[in-house]
Amino acid sequence: MLKVYGFSRVNSVARGHTRDLRVLWALEEMQMPFELVGMDHPAHELNTDAYRRLSPFEQIPAIDDDGIVLSESAAILIYLAKKANKLIPSDPAGEAQVVRWCLAAMNSVELPLMSMLFIDWTSDSDAGAAKPRQFMVGWAKRLFTGLERWLEGREFVATDTFTVADILMSHVLTEVRDERLLEPYGNVRNYRDRCLSRAAWRRTMERYLARVEEG
Ligand SMILES: N[C@@H](CCC(=O)N[C@@H](CS)C(=O)NCC(=O)O)C(=O)O
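Cut-offs used in this document
- Residues numbered from 1 in each chain as written.
- Predicted model: local features only at pLDDT ≥ 70, side-chain atom pairs only at ≥ 80, totals over all residues.
- Domains from an automatic or database assignment.
- Contact = placed C-beta atoms within 7 Å.
- Helix = DSSP H or I, 4+ residues; strand = E, 2+ residues; numbered from the N terminus.
- Pairing = 2+ DSSP bridges.
- Right-handed = clockwise from strand over helix to strand, strands pointing away.
- Expected span 1.5 Å × (residues − 1).
- Bend = angle between axes of the 7 residues up to and from the residue.
- Buried ≥ 20, exposed ≤ 12 C-beta atoms within 10 Å, placed from the backbone.
- Axes fitted to C-alpha atoms, helices over the stretch in contact; angles between N-to-C directions.
- Parallel < 35°, antiparallel > 145°, perpendicular 65-115°, else oblique.
- Nonpolar A, V, L, I, M, F, W, Y, C, P; charged D, E, K, R; others polar.

Asker: Before we go on, may I ask you to explain the domain arrangement of the chain in this structure?
Answerer: Accessible area lost on assembly of the parts is the figure often given for the size of an interface. Taken domain by domain, the chain holds domain 1 (2-87 + 200-214) and domain 2 (92-198). Each of domain 1 and domain 2 has a C-alpha centre, and these two points are 21 Å apart. If you look at the interface, domain 1 gives 13 residues, while domain 2 gives 12 residues. Listing elements by their share of the side of domain 1 that touches domain 2, those giving two or more residues are helix H1 (20-30), helix H3 (73-84) and helix H8 (199-211).

This is the structure:
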């Protein structure tokens, strides 16, 4: 049976934003059965030799699918999609587009958004944060401008239908904590909202919030 390692307890800032949600959303879309292993972050359940064998960086999510062990949300989603033959096209050209946009979400768009959060969390003063923050805002705007153009006339980011790339990209866009940043990018906002209005996402989030404790 597929085992998914997700949070059972996590700090209040991260609760509702954690990357296990990407895996849980994909599984809900695919209607694939799994066993959830809940991990308590404040109790250091990720910092054990046993868990490090699944996830070298001691992070969530990870999966163990009858001995196939993976960490990294994008790798997990691509693996599950190919296994289920859902949320990814089976032709090489379509699959390449999905991989391309999974990497764009993880490697390009997520980077400035997470950096902004890290700057805000770690800076001693507003003045100290101003310059690096401004740089990251500029970087994010450049990516949003490109994404805005790309999404013109498109419903989904990689292909004509919803794929795992849309789970990753729309979830990454939830890392925008100040909605004013997305104000000029109507296509990006509509795309994000279209993905997040899916019934599978709403069910995933409801169950997560009922289960995952704040700690
Ligand atoms: N690149 C990884 C990042 C995983 C990650 O940052 N996980 C966070 C939760 S969303 C985590 O486990 N943080 C706990 C820690 O680093 O101690 C992925 O996409 O799966």
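Asker: Explanation requested: the pairing of strand E1 (residues 2-10) in the structure shown.
Answerer: Side-chain direction in a regular strand flips from residue to residue, so the side chains alternate between the two faces of the sheet. Note that E1 and strand E3 (residues 62-65) share four bridges and pair antiparallel. Note that in E3 the partner of Leu 2 across the bridge is Asp 65. The β-α-β motif built from E1, the intervening H1 and the parallel element strand E2 (residues 35-40) has right-handed crossover chirality. Across two bridges, the pairing between E1 and strand E5 (residues 213-214) is parallel.

Asker: Would you mind going over helix H4 (residues 92-122) with me for this structure?
Answerer: Along an α-helix, residues three or four apart share an orientation, since each turn contains 3.6 residues. Taking 1.5 Å of rise per residue, 31 residues should cover 45 Å, and H4 covers 43 Å from first to last C-alpha, within 8% of that figure. At Glu 110, H4 shows its maximal bend, which comes to roughly 50°, and the proline Pro 112 appears one to four places after that position. Within the sequence span of H4, burial applies to Val 98, Trp 101, Cys 102, Ala 104, Ala 105, Val 109, Glu 110, Pro 112 and Met 116. Looking at the packing, one finds that the buried side of H4 touches H3, helix H5 (126-151) and helix H6 (164-173).

Asker: Would you take a moment to explain the packing of H4 against H6 for this structure?
Answerer: A pair of packed helices is characterised by two quantities: the angle between their axes and the separation of those axes. Where H4 contacts H6, the two axes come as close as 8 Å, and the packing angle between them is 10°. As summarised for this structure, H4 and H6 are arranged roughly parallel, according to the angle between their axes. Facing H4, whose interface residues are Val 98, Trp 101, Cys 102, Ala 105, Met 106, Val 109, Glu 110 and Leu 113, H6 presents Val 164, Ala 165, Leu 168, Met 169 and Val 172. Across the contact of H4 with H6, the residue classes tally to 12 nonpolar, no polar and one charged.

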